[in-house]
Amino acid sequence: LAFATALSVGCQSLCEIMDVELQQEVAPERFVDDLNPCLPDGLKVRRAGLVEDSAPALMALMQEARYTVCVPGVDLRANVEAFLRAPSVLMEKRSKTKTRQVDIRQMVHALDCAFDGEASTLDMILEQNNANALKPDLLLGALAPGQPCRAVRTGFYAKGKDGGRVGLFEAGLGQK
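Source: prediction; values computed, not measured.

Rules used in this analysis
Residues numbered from 1 in each chain as written. Predicted model: local features only at pLDDT ≥ 70, side-chain atom pairs only at ≥ 80, totals over all residues. Heavy atoms only, no water. Helix = DSSP H or I, 4+ residues; strand = E, 2+ residues; numbered from the N terminus. Buried < 20%, exposed > 50% of the residue type's maximum accessible area, 1.4 Å probe, protein only. Contact = heavy atoms within 4.5 Å. Areas by Shrake-Rupley, 256 points an atom, 1.4 Å probe, with all protein chains shown as cover. Lys, Arg positive; Asp, Glu negative; His and termini not counted. Charge placed at Lys NZ, Arg CZ, Asp CG, Glu CD. Core = buried A, V, L, I, M, F, W, Y, C linked by side-chain atoms within 4.5 Å. Arc of directions from axis to C-beta.

Engineer: Just to check I follow, could you spell out the overall build of the protein chain for this structure?
Structural biologist: Tallying secondary structure elements over the protein chain gives 5 helices and 10 strands in all. Referenced to the eigenvectors of the C-alpha coordinate spread, the extents of the protein chain come out at roughly 55 × 35 × 35 Å. Sorting the 176 residues of the protein chain into buried and exposed places 36% on the buried side. Residue pairs in contact within the protein chain that sit at least 24 positions apart in sequence constitute 63% of those at least 6 positions apart. Total accessible area on the protein chain stands at roughly 11100 Å², and carbon and sulfur atoms take up 50% of it. Across the protein chain, the centroid of the 20 positively charged side chains sits 6 Å from that of the 23 negatively charged ones.

Written out as structure tokens, the structure is:
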């Protein structure tokens, strides 16, 4: 069992995707039907597909992740507009071993903000591949430092044959 990528602490997800190696071939529908009764409440397999053993790992295919983030009590529309106009936005990115300055502006592939009078809802597509991975909390540090938020990962994308965005599930099945 190998997930496409780790989920940030405190982040929810509606779209995890994983490779599962089985000892024998099982029809995707049967796999879903057999697995779901064994899973805890709130966790459900929605679909499955067969891939060749030689197929690239999901992590190798993944290029982007989509998130919906709710930030209560603040209107972030002006902050988002300023961020999108900026040629670069430097932030400190911490890893287990070091801290470095990174330009997060180049890792934000789409960003939209709506405000309903009570909370801002951000829809974002962030770079997430082997070379670079931008987590929503680092972007929120630039847009709304110190503000509490609720982030939900809602999609994964790979690069299609034409260079466009394609769902990671479909890419993993070779339907690029």
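Engineer: Looking at this structure, I do not really get the nonpolar core. What am I missing?
Structural biologist: Across soluble globular proteins, you tend to see nonpolar side chains buried next to one another. Ranked by size, the top nonpolar core spans 39 residues in total, and within it Ile-104, Leu-111, Leu-122, Met-124, Leu-139 and Leu-168 carry the most contacts. Contributing elements (two or more residues each) for this core: α2 (58-61), β4 (62-72), α3 (77-85), β7 (108-115), β8 (119-127), α4 (136-143), β9 (150-159) and α5 (168-172). The leading source of residues in this core is β4, at 5 residues. Residues contacting Leu-168, with those up to four places away along its chain left out, are Ala-4, Ile-17, Leu-58, Leu-61, Met-62, Phe-156, Tyr-157 and Ala-158.

Engineer: For this particular structure, what's the right way to read helix α1 (residues 28-35)?
Structural biologist: In an α-helix, one full turn covers 3.6 residues, which means residues spaced three or four apart are oriented alike. Along α1, the positions that sit buried rather than exposed are Pro-28, Phe-31 and Val-32. Buried residues of α1, seen end-on, are gathered within an arc of 95 degrees and therefore sit on one face of the element. Residues Glu-29, Arg-30 and Asp-33 are exposed on α1 and point more than 90 degrees away from its buried face.

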